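# A structural walkthrough
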Amino acid sequence: MILHKLTTSPFKDLNLQNCLQRLADNDGILLSQDAVYAVMHQDISHKLSQLSGKVFMLKEDAEARGVLVNEYIQTINYGGFVELTLKFNKVVSW
Amino acid sequence: MILHKLTTSPFKDLNLQNCLQRLADNDGILLSQDAVYAVMHQDISHKLSQLSGKVFMLKEDAEARGVLVNEYIQTINYGGFVELTLKFNKVVSW
Amino acid sequence: MSSFTLLVTSAPCSEQNAYSAYRFALAAVQAKHTVNGIFFYQSGTLNGSSLQLTPSDEFDLYAAWKSLANDHKVPLMVCVSAASKRGIITTEDAQDSDNPHFSLTAPFESVGLGELAILMKNSDRLVQF
Amino acid sequence: MSSFTLLVTSAPCSEQNAYSAYRFALAAVQAKHTVNGIFFYQSGTLNGSSLQLTPSDEFDLYAAWKSLANDHKVPLMVCVSAASKRGIITTEDAQDSDNPHFSLTAPFESVGLGELAILMKNSDRLVQF
Amino acid sequence: MSDSNTLAIINQSAPYGNSNGQESLDMAMAMSNFAQDVSLFFIEDGVLQLLSKQTPANIDAKAYHKTFPALEFYDIDNIYVCKQSLESRGIKVSELCVDITLIELHELPTLLTCQQHVMSF
Amino acid sequence: MSDSNTLAIINQSAPYGNSNGQESLDMAMAMSNFAQDVSLFFIEDGVLQLLSKQTPANIDAKAYHKTFPALEFYDIDNIYVCKQSLESRGIKVSELCVDITLIELHELPTLLTCQQHVMSF
């Protein structure tokens, strides 16, 4: 029950890719800051779409960057971000 | 005649991979700082070995990190680094 | 209601992480949770510099941290060893090094890592930015 | 013999880039080349902080920069706009903002970006760190 | 080989996550003011800076992308954008906020040949 | 579910290029001093910190890897290293400077389950 918090673009580094390799069944992923560009990454976006219900995106960061939200990703604001860290047992920041 | 200066690990980000995609025939590559770990990266190391004579590695950074030098890479010290930037027409830092 | 410790390891101004931490902390206190403290480590200690002159058309994160501390009693703790090597020093540090100038003032506090252990012990969640 | 401008955009302490720039500059002057100037921009401006208290068992990059300037007449130029928002301010900046404290002193100079254009114009190579 | 007082600035960073984009633009405008002939290159995540539909006010960041269309008044006319970087991100040219010149991935080194100096952010 | 006063520190950065490795070690020793039960995880480029044959004096950096074998005296006994991260870098366990416990790639989340808090550097 880990929430994996990502902040960097998957076009730039391998953080999200490495995180996906180690993801446990009941873990979740929060895309924040430049990590919201993950939805533009064909390969990674496809992988994320298979994790439905487990992938979250920070609304403020997505809107700031003009990133459109996909249906398989739940959008949350900062208030939702706070609650999400409590829904999971702990947070790992990559 | 560009010298491409790399400083980050190819296991961490895509700088070196992107640089290799854009490399012109008479360009050179300098592996410095964490970029010296490129020789440990099977795929990238193979690509570098096909660029013989064009790949350089900063001795101080390689030794500091315990990275062994391959025969296809020329090792230079800081003095050689200075001269290398003059041998090429310009330097791009990635 | 739950309690949080935030660990900020990123510089202000150059990266978004510290700003995100501020927004998270504000959202937490607004939802009636407790933020036991914000602990600044590594480049995060640069958030504590009182000498930052933010241009008028940019967000003043330093002022925002101060408001958070004053309005919501959130302690802002700066790791002394990580800070002093980066030029974030208190008047005491300055005196010890014969430097008349310093850059760390209240509500930011200069503390050791032991304070972080205490914060964490009493927090439901640690979130790093 | 050739001439160089170095552009340092990385923080000291947290990253190796600024140290590499110092070693490069030293090697250049030792080989009788001219370093027209080191220009500090973005987080690189943090190199100019006079308040850095480096632990005795760590390399003192600030002292090394000063030696380079004093021994080899290499100008150390800090971009005023990038620096001041990061808390790297001169006594004049401090006075303007009613802050009694400052963090940027000689041999580091606070300059505008125009100085970089002049450095580059007269340099055979620009190398960024 | 390279024209004097020419400067290429390569933008490879996404906006907002770090200050590279904003401070690269500050650099470009200042260098142009000081008689440098500046060309801008947007490659990899740098192309994301040029999207029209950004609302950075949501994260208290400056909408500096609105300055790109005004760069021609700063005598910065050459804005090159990597075609492959747009394609891999699914971005169409019509989504960009400024008139640009599309270049192929491998054209970057050639276009840098005539530049005196290069910076990257 | 998780034991109180337990802390996992994940090390994913190569040494020297940035200060993460050194400052992560400082953190680990301090937390252990303050009664936290600290476990260290080395994954991805973090495993490079553990190589025996490093000479950071060449770049005026501290040889902090020499502290790893002494961590047992700080009551830090759990040092986990990702097997796949070693393999992809061609590193053998015999090249490391400290006794470690090898873990599989997918074991990390499981091992983190019993930890109260997690940091990463």
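Residues numbered from 1 in each chain as written. Chains lettered and ligands numbered in written order. Predicted model: local features only at pLDDT ≥ 70, side-chain atom pairs only at ≥ 80, totals over all residues. Heavy atoms only, no water.

Scanning chain E from terminus to terminus reveals three helices and five strands. Taken from the N to the C terminus, the helices and strands of chain E come in the order β-α-β-β-α-β-α-β. Expected size for 121 residues packed as a compact globule is a radius of gyration near 14 Å; at 14 Å, chain E falls within 12% of this value. With the C-alpha coordinates of chain E rotated into their principal frame, the extents come out at 45 × 30 × 25 Å. Out of the 121 residues belonging to chain E, those deemed buried represent 60%. Taking all contacts inside chain E whose residues are at least 6 apart in sequence as the whole, residues at least 24 apart take part in 76%. About 4,600 Å² of surface is accessible on chain E, with carbon and sulfur atoms providing 49% of the total. (Helix = DSSP H or I, 4+ residues; strand = E, 2+ residues; numbered from the N terminus. Rg over C-alpha atoms; globule rule 2.2 N^0.38 Å. Buried < 20%, exposed > 50% of the residue type's maximum accessible area, 1.4 Å probe, protein only. Contact = heavy atoms within 4.5 Å. Areas by Shrake-Rupley, 256 points an atom, 1.4 Å probe, with all protein chains shown as cover.)

Let us now look at the pairing of strand β5 (residues 125–128) of chain C. Residues and elements named next belong to chain C. Burial of the side chains of β5 extends over both faces: Arg-125 and Val-127 are buried on one face and Leu-126 and Gln-128 on the other. The pairing of strand β1 (residues 3–8) with β5 spans four bridges and is classified as parallel. Following the sheet pairing, Leu-6 is matched in β5 by Val-127. (Pairing = 2+ DSSP bridges.)

This next bit is on the pairing of strand β2 (residues 34–40) of chain C. Look at any regular strand and the pattern is simple: side chains alternate between the two faces of the sheet. Residue and element names in this part refer to chain C. The buried fraction of β2 amounts to six of the seven residues, a majority that puts the element mostly inside the structure. Of the strand pairs in this sheet, β1 and β2 are connected by six bridges, and their pairing is parallel. In the strand pairing of β2, Leu-7 is matched with Phe-39. Assessed by its sense of winding, the connection that carries the chain from β1 through helix α1 (residues 17–30) to β2 is right-handed. Note that β2 and strand β3 (residues 76–79) share three bridges and pair parallel. Across the sheet, the residue bridging to Ile-38 is Leu-76, located in β3. In the classification by handedness, the crossover that spans β2, the intervening helix α2 (residues 61–72) and the parallel β3 is right-handed. (Right-handed = clockwise from strand over helix to strand, strands pointing away.)

Another point: the interface of chain E and chain B. The interface of chain E with chain B comprises 18 residues on the first partner and 13 residues on the second. Both faces considered, chain E and chain B share a buried interface measuring about 1,200 Å² in area, 58% of it formed by carbon and sulfur atoms. Between the two partners, chain E and chain B, sit one salt bridge. Seen at the junction of chain E and chain B, the total is six residue pairs in polar contact (both at pLDDT 80 or more). Only α3 (107–112) and β5 (117–120) of chain E provide two or more residues apiece to the side of chain E that touches chain B. (Buried area = accessible area lost by both parts, 1.4 Å probe. Salt bridge = Lys/Arg side-chain N within 4 Å of Asp/Glu carboxyl O. Polar contact = N/O pair within 3.5 Å; in protein donor to acceptor, adjacent residues only side chain to side chain.)

Attention now goes to the sheet that holds strand β2 (residues 37–42) of chain E. Residue and element names in this part refer to chain E. Strand order in this open sheet of five strands is β4-β3-β2-β1-β5, and the pairing throughout is parallel. Pairing within the sheet leaves two strands with one partner each, and these edge strands are β4 (101–103) and β5. Ignoring which end each strand starts from, the neighbouring axes of this sheet average 25 degrees apart. Relative to β4, strand β3 (residues 78–82) runs parallel, the two sharing three bridges. Across the sheet, residue Val-81 finds its bridge partner in β4, namely Leu-102. (Axes fitted to C-alpha atoms, helices over the stretch in contact; angles between N-to-C directions.)

When pLDDT is averaged along chain E, the result is 96, and 98% of the positions lie at 70 or above. Both scores are available for the predicted complex, with the pTM at 0.97 and the ipTM at 0.97. (pLDDT = per-residue confidence, 0-100.)

Take the sheet that holds strand β2 (residues 28–31) of chain B next. Residue and element names in this part refer to chain B. Strand order across the open sheet formed by five strands is β4-β3-β2-β1-β5, with parallel pairing between neighbours. Where the open sheet ends on each side, the last strands, each with one partner, are β4 (74–76) and β5 (90–93). Within this sheet the neighbouring strands show an average axis-to-axis angle of 25 degrees, counted without direction. Pairing of strand β1 (residues 2–6) with β2, which is carried by four bridges, proceeds in the parallel orientation. Within β2, the position partnered with Leu-3 by the bridge is Gly-28.

The general pattern is negative phi for most residues beyond glycine and trans for most peptide bonds. A cis amide bond links C:Ala106 with the next residue in sequence, C:Pro107, at an omega value of 5 degrees. Structurally, the position occupied by C:Pro107 is in the loop between α4 (91–96) and β4 (108–111). Despite not being glycine, C:Asp98 has its phi angle at roughly 55 degrees, a positive value. Residue placement: C:Asp98 occurs in the loop between α4 and β4. In the Ramachandran plot, D:Lys73 falls in the positive-phi region, its phi being about 55 degrees despite a non-glycine side chain. Looking at the secondary structure, you find D:Lys73 in the loop between α2 (61–72) and β3 (76–79).

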